[in-house]
Amino acid sequence: MVQGVQIIDGVIQNVNPATGQLIDPLVAATTPSDLADVISKANAAQNAWGDLPLDERIALLRKGLAAVEPIAEELADTITKEMGKISAEAKMEVDDAIALKDAWLEMVKEANEDVKLGDGKAESVIVRDPLGVVVVISPWNFPAGEIPFLAIPALASGNTVIVKPSEVTPLTGAMYTSALASALPEGVLQVVQGDGQVGEQLCSSEDIHMVAMTGSSATGKRIMEKCAKNLKRIVLELGGKDPMIVFADADLDKAANDAVANSLFNAGQVCCAVERIYIDKSVQTEFEQKVVELAKKQTVGIPTNNGVTLGPMVSTVQMENVKKQVDESIEKGASVLYKSEVPGGEGGNFYPVTVLSDLKQDMLIQSAETFGPVVAMATFDGSEEEAAKLANDTEYGLASYVYSGDLKKASRVARKIRSGQVGINCYSLVAAQPKCPWIGHKMSGFGSHSGMDGFRSFSVPKSLVFTTNAPE
């Protein structure tokens, strides 16, 4: 049961987190027999799809991405209804997903092209074979935007794909996947609905050849366990507890702005959100004052209302998790520098923007993923050694951030941090070059997606070896 979502009489109880009301239309969970049919259809379609030339597959995928454009507004509205994202952020998510049809799709194509090696006398050609049927398990926090990052490279590689959206956002997942599938041959891309039982049946099936998932580390462990029996390939992009280091020589205005923005974006429900801020003790007071002033400009409310910058938490389960962490930290001595107002009345999962200071490493909020609208601040002694030590004091390793006016110092610290990406004076999710992989160290993931390495995760290289020049 993810985020407390119930399935009653085979129907997903899809609740609007801003109102507490059920969302129409109702979505039925896929039955075991229907799921078996979907898997069979995917396998039947795979050979023909994989035999299509790469250029033709890419052209069809481009048409599929373009097919999302006519439903963009409705899709964004559905995201807001299902998981509470404010309208502007939901629109941005959809627009970004559509924009993948241009330069990004060309990179996917490039990653899958043949590579010729040799000295002109004897040559080898590296080609890439599809794996078969790939399952994509997508998350609720970016219910449209995350699907293409896994599904498109899998499809481009010649695999057929079955998407299982989070049961928190079934309508969004179905709308996006169906639009994309409208340009593809039957059976190449399908969507199924349900909770962990559906996911377990997919992962356990001998007729599924790879599972790619974005979600929690706990779910990732269960997927890995189910896939181990048949040595299925997996790509898991999991949770994070991402640190931000602020040295005394940093641009404190920019650092404070980024700290607030990237702690609170999507109500903090982002795997690479800033969740731990370590400030050089010598600038603590100045930095914290800047953070509080920026936090006061945030407004929690109905996500479709003008002026609202944060909507509700996705569920009461998530809201209570954040409250537990905040309350425990206060009991252990944390200072509350600011707490915003929230809408009155009942039914909405609204949690206040909260700014905490004087946090210690033994507090739950410094170790467990928070996934909420909290700006969490602690201090360090200003040394590179302690900065790296504190950043690495976690079981996670998704993203990290280092702010300093000395780029050489920032680079030294960044190299010591065990995470998949380190933003130096920036938010890496937005600023990274498109060919960078998205990968988690430690408990933050297994394998990678995005970037040239990630695009190749959905196929197997094969060497064609010649003692002469290879044919064109």
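None of the values given here were measured: they were computed from a predicted structure.

Some remarks on the sheet that holds strand β5 (residues 123-130)
The pairing of strands in a sheet comes from backbone hydrogen bonds and takes either a parallel or an antiparallel form.
Line of reasoning, step 1. Here 3 strands make up an open sheet; going across it, the order is β4-β5-β21 and the pairing antiparallel. Only two strands of the sheet have a single neighbouring strand rather than two, namely β4 (115-118) and β21 (459-465). Averaged over neighbouring strand pairs, the angle between their axes works out to 25° when direction is ignored.
Line of reasoning, step 2. Examined bridge by bridge, β5 and β21 share 7 bridges and lie antiparallel to one another. When the bridges of β21 are listed, Val125 appears paired with Leu464.

Description of the side chain of Ser329
Line of reasoning, step 1. Considering the arrangement of structural elements, one finds Ser329 in helix α12 (residues 316-331).
Line of reasoning, step 2. Here the side chain of Ser329 touches Val326 through a polar contact of 2.7 Å, landing on its backbone oxygen.
Line of reasoning, step 3. Excluding residues within four positions of it along the chain, Ser329 makes contact with Ala334, Leu356, Leu359, Met363 and Ile365.

So, the pattern of salt bridges
Line of reasoning, step 1. Counted according to the given criterion, the structure contains 20 salt bridges.
Line of reasoning, step 2. Salt-bridge contacts for Lys164 lead to Glu167; the nearest nitrogen and oxygen are separated by 3.6 Å.
Line of reasoning, step 3. For Lys164, a relative accessible area of 4% puts it in the buried group.
Line of reasoning, step 4. A residue is classified by how much of its surface remains accessible, and Glu167, at 3% relative accessible area, is buried.

Some remarks on the packing of helix α1 (residues 32-51) against helix α8 (residues 196-204)
Line of reasoning, step 1. In contact at an axis separation of 11 Å, α1 and α8 are set at 40° when each is read in the N-to-C sense. Judged on the interaxial angle alone, α8 and α1 are oblique. In this structure, α1 meets α8 at a crossing whose hand is right-handed. Where α1 abuts α8, its residues Pro32, Leu35, Ala36 and Ile39 lie against Val198, Gln201 and Leu202.

Section: the confidence of the model for the chain
Line of reasoning, step 1. The predicted model of the chain has a mean per-residue pLDDT of 97, with 100% of residues at 70 or higher.
Line of reasoning, step 2. Confidence, read as mean pLDDT per element, is least for strand β20 (residues 448-449) in the chain (89) and greatest for strand β11 (residues 242-246) (99).

Describing a nonpolar patch on the surface
Line of reasoning, step 1. There is a patch of nonpolar side chains on the surface, built from Val15, Leu22 and Leu26 and spanning about 260 Å² of accessible area.
Line of reasoning, step 2. Relative to the helices and strands, Leu26 is located in the loop between β2 (11-12) and β3 (27-28).

Things to note about the pairing of strand β12 (residues 274-280)
Line of reasoning, step 1. Of all 7 residues making up β12, 7 are buried, and the element is well covered by its neighbours.
Line of reasoning, step 2. Pairing between β11 and β12: 5 bridges, direction parallel. Bridged to Met244 within β12 is Ile277.
Line of reasoning, step 3. Handedness of the crossover joining β11 and β12 through helix α10 (residues 252-264): right-handed.
Line of reasoning, step 4. Note: β12 against strand β15 (residues 374-380), 4 bridges, orientation parallel. Residue Ile277 lies in a different strand from β15, and its bridge partner there is Met377.

Notes on the packing of aromatic side chains
Line of reasoning, step 1. A complete count under the given rule lists 6 aromatic pairs for this structure.
Line of reasoning, step 2. Here Phe247 and Phe380 contribute two aromatic rings whose centre-to-centre distance is 5.4 Å and whose plane-to-plane angle is 80°, an arrangement assigned as edge-to-face. Taken together, the positions of Phe247 in the loop between β11 and α10 and Phe380 in strand β15 put the pair 133 residues apart, joining distant regions of the chain.
Line of reasoning, step 3. Residue Phe247 is classed as buried on the basis of its relative accessible area of 1%.
Line of reasoning, step 4. Within the aromatic cluster, the residues linked to one another by ring pairs are Trp104, Phe149 and Phe455.
Line of reasoning, step 5. Here the guanidinium or amino end of Lys409 rests over the ring plane of Phe247, the centre of that ring lying 4.4 Å away.

Some words on the sheet that holds strand β8 (residues 189-191)
Line of reasoning, step 1. Here we have 6 strands laid out as an open sheet, ordered β8-β7-β6-β9-β10-β19, and mixed in their pairing. Of all the strands in the sheet, the pair left with one neighbour each is β8 and β19 (445-446).
Line of reasoning, step 2. Pairing of strand β6 (residues 133-137) with strand β9 (residues 210-214) involves 4 bridges; the strand directions are parallel. Looking across to β9, one finds that Ile137 is bridged to Met213.
Line of reasoning, step 3. This element, helix α7 (residues 170-181), spans β7 (160-164) and β8 of the sheet and lies at about 160° to β8.

Parameters and conventions
- Residues numbered from 1 in each chain as written.
- Predicted model: local features only at pLDDT ≥ 70, side-chain atom pairs only at ≥ 80, totals over all residues.
- Heavy atoms only, no water.
- Pairing = 2+ DSSP bridges.
- Helix = DSSP H or I, 4+ residues; strand = E, 2+ residues; numbered from the N terminus.
- Axes fitted to C-alpha atoms, helices over the stretch in contact; angles between N-to-C directions.
- Polar contact = N/O pair within 3.5 Å; in protein donor to acceptor, adjacent residues only side chain to side chain.
- Contact = heavy atoms within 4.5 Å.
- Salt bridge = Lys/Arg side-chain N within 4 Å of Asp/Glu carboxyl O.
- Buried < 20%, exposed > 50% of the residue type's maximum accessible area, 1.4 Å probe, protein only.
- Parallel < 35°, antiparallel > 145°, perpendicular 65-115°, else oblique.
- Left-handed = near helix turned anticlockwise from the far one by under 90°.
- pLDDT = per-residue confidence, 0-100.
- Patch = residues over 30% accessible without salt bridge, like charges linked within 9 Å, V, L, I, M, F, W, Y side chains within 5 Å.
- Areas by Shrake-Rupley, 256 points an atom, 1.4 Å probe, with all protein chains shown as cover.
- Right-handed = clockwise from strand over helix to strand, strands pointing away.
- Phe/Tyr/Trp six-rings, centres within 6.5 Å; stacked < 30°, edge-to-face > 60°.
- Lys NZ or Arg CZ within 6 Å of the ring centre and 35° of its normal.

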